Amino acid sequence: MKNLILIAAPGAGKGTLSNDLLEKYDYVHISTGDLLREQVAKGDDLGKKIHEFQVAGKLVPSEIVYEALEKKLSDKACDNGYILDGFPRNIEQAEEYEKILERSGRELGTVIVLDIPKEDLIKRITGRFTCKDCGEIHNIYSEELKPVKEGVCNKCGGELTQRKDDNLESFEVRYQTYLESTEPLIDYYKAKGVLHVIDSSQGHDYTLEQAEKLISN
Ligand code: ADP
């Protein structure tokens, strides 16, 4: 399968789409946000440093991200194809990624942009609850993704938690960073002829359906 890169503003649905694709296809999910949060959970000095950037809504220094990513890409399981979620975040990372691809003998693949208005993002961010055990993403404002029982995962019954950076203040910083640094990647990948845009404001089933069409092409 072709490797996928998901580009979208915070809350647009990269994580949800990734989880949906993983249920049906043999992809490896590489979320740089998750890789960094795993490091934070270790509680060491590096983890503490990363946490400060994340809670403030700022990008973590790229070197830290490159190291975690390259390590992950060395995994044989990625040979079948992987979904890159949250990386690259700016042109500099996209350029470095091409060097990483060369070193790891992997292909760029297809780039998917999830397009959605800012008003929708705020609801998605403030209403997002993730399962501690299985990572399933819920949203209290979405008919499709609402937890049936408050605080309990629909899929595995685990406890739902809210991310520390899912508040309005941090969202505004993340959104501005997206506009300034990440959005320019759309033209960057358009020029390479690998870009596809999905209107993710049409809901989670629609987004999955469109993404599946791209995978099968
Ligand atoms: P979202 O896209 O909803 O903001 P992520 O889980 O992708 O959520 O990222 C959360 C935080 O992790 C970001 O705000 C940033 O601090 C850090 N992060 C994730 N990916 C990168 C990256 N490629 N470069 C730098 N920082 C990153």
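Structure's up top.
Description of the structure in this document. (Residues numbered from 1 in each chain as written. Predicted model: local features only at pLDDT ≥ 70, side-chain atom pairs only at ≥ 80, totals over all residues. Heavy atoms only, no water.)

**Here's the deal with the sheet that holds strand S3 (residues 82–85)**
Phase 1: If you walk across this open sheet you meet the 5 strands as S2-S3-S1-S4-S8, and the pairing is parallel. Since the sheet does not close on itself, it has two edges, and those belong to strand S2 (28–31) and strand S8 (195–199), each with one partner. Going from strand to strand, the sheet's axes swing by 20 degrees on average, the running direction of each strand aside.
Phase 2: Bridge count between strand S4 (residues 110–115) and S8: 5 bridges; the pairing is parallel. Bridge pairing links Ile 112 to His 196 in S8.
Phase 3: Its contacts with the sheet put helix H9 (residues 204–216) on strand S1 (4–8), S4 and S8, and the angle it makes with S8 is roughly 160 degrees. (Pairing = 2+ DSSP bridges. Helix = DSSP H or I, 4+ residues; strand = E, 2+ residues; numbered from the N terminus. Axes fitted to C-alpha atoms, helices over the stretch in contact; angles between N-to-C directions. Contact = heavy atoms within 4.5 Å.)

**So, the site of the ligand**
Phase 1: Taken together, 20 residues form the shell around the ligand, and within it Thr 32, Arg 37, Gln 54, Lys 58 and Gln 93 come nearest.
Phase 2: A distance of 2.9 Å is found between an oxygen atom of the ligand and a side-chain nitrogen or oxygen belonging to Gln 54.
Phase 3: The backbone of Val 60 places a nitrogen or oxygen atom 3.0 Å from a nitrogen atom of the ligand.
Phase 4: A total of 540 Å² of accessible area belongs to the ligand in isolation, and the protein chains cover 97% of it.
Phase 5: Here the shell around the ligand gets 4 residues from one element, more than from any other, and that element is helix H2 (residues 32–42).
Phase 6: Its residues assigned to classes, the shell around the ligand comprises 6 nonpolar, 6 polar and 8 charged. (Near = heavy atom within 4 Å. Polar contact = N/O pair within 3.5 Å; in protein donor to acceptor, adjacent residues only side chain to side chain. Areas by Shrake-Rupley, 256 points an atom, 1.4 Å probe, with all protein chains shown as cover. Nonpolar A, V, L, I, M, F, W, Y, C, P; charged D, E, K, R; others polar.)

**Focus on the environment of Phe 53**
Phase 1: By the element assignment, Phe 53 lies in helix H3 (residues 45–56).
Phase 2: Under the relative-accessibility criterion, Phe 53 is labelled partly exposed at 25%.
Phase 3: In the structure, Phe 53 is positioned 142 residues away from Leu 195 in sequence and 29 Å away in space, judged by C-alpha atoms.
Phase 4: Setting aside residues no more than four positions away along its own chain, Phe 53 makes contact with Lys 58, Leu 59, Val 60 and Pro 61. (Buried < 20%, exposed > 50% of the residue type's maximum accessible area, 1.4 Å probe, protein only.)

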